[in-house]
Amino acid sequence: MAILTAQRLPLGGLQPTYSNAAGGGDQAPVGEKLVLHVKNGDASSKTVTLATPGTVGSLAVADASQVIPADGEAFIPLKSVFRDPATGRASITYSAATSVTVAVLQLP
């Protein structure tokens, strides 16, 4: 499991650095203006899941998942609802990590 760091997006723009998605999952910071950019370079779709550790009453909040189509990409907001109380970060898993790259971007 890799710990991803946020890349600050300056007003002048950014060419972000992407990391290979870890087979065992990744962790990322959470907060306002943070997004996870996922790129799938594979010929099949992949599902990215963010654990939602909270509950409402005694009911667990469902995890959030996003299907990334073949050769597609997606932006996923890293809101505080995904904060793991033990680590302070979001826990991210992938249905498969082959040809998947990720970057955490902090918007201005």
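Residues numbered from 1 in each chain as written. Predicted model: local features only at pLDDT ≥ 70, side-chain atom pairs only at ≥ 80, totals over all residues. Heavy atoms only, no water.

### Details of the overall build of the protein chain
Part 1: For the protein chain, the count of helices and strands is zero helices and twelve strands.
Part 2: Secondary structure elements of the protein chain occur, N-terminal to C-terminal, as β-β-β-β-β-β-β-β-β-β-β-β.
Part 3: Compactness check: the protein chain gives a C-alpha radius of gyration of 14 Å against a globular reference of 13 Å for 108 residues, within 12% of the reference.
Part 4: In the protein chain, which comprises 108 residues, the proportion classed as buried is 33%.
Part 5: Partitioning the contacts of the protein chain with sequence separation of at least 6, the portion at a separation of at least 24 is 76%.
Part 6: Here the protein chain holds 7 positive side-chain charges and 7 negative ones, and the gap between their average locations is 10 Å. (Helix = DSSP H or I, 4+ residues; strand = E, 2+ residues; numbered from the N terminus. Rg over C-alpha atoms; globule rule 2.2 N^0.38 Å. Buried < 20%, exposed > 50% of the residue type's maximum accessible area, 1.4 Å probe, protein only. Contact = heavy atoms within 4.5 Å. Lys, Arg positive; Asp, Glu negative; His and termini not counted. Charge placed at Lys NZ, Arg CZ, Asp CG, Glu CD.)

### Comments concerning the environment of A97
Part 1: Looking at where A97 falls in the secondary structure, it is placed in the loop between β11 (90–94) and β12 (100–106).
Part 2: As a C-alpha pair, A97 and A21 span 76 residues in sequence and 5.4 Å in three-dimensional space.
Part 3: Here A97 is in contact with A21, A22 and G23, once residues within four sequence places are set aside.

### What about the nonpolar core?
Part 1: Residues L36, V38, V48, L50 and L78 are the most contacted members of the largest nonpolar core, which totals 20 residues.
Part 2: The set of elements that each furnish at least two residues to this core consists of β5 (34–40), β6 (46–50), β10 (73–77), β11 and β12.
Part 3: Beyond its immediate sequence surroundings of up to four residues, V38 is in contact with V48, I68, G72, E73, A74, I76, V100, T101 and V102. (Core = buried A, V, L, I, M, F, W, Y, C linked by side-chain atoms within 4.5 Å.)

### Considering the packing of aromatic side chains
Part 1: This model, assessed by the stated rule, comprises zero aromatic pairs.
Part 2: When the ring centre of Y18 is taken as origin, the NZ or CZ atom of K39, which lies over that ring, is 4.2 Å away. (Phe/Tyr/Trp six-rings, centres within 6.5 Å; stacked < 30°, edge-to-face > 60°. Lys NZ or Arg CZ within 6 Å of the ring centre and 35° of its normal.)

These values are about where atoms sit, not about what they do.
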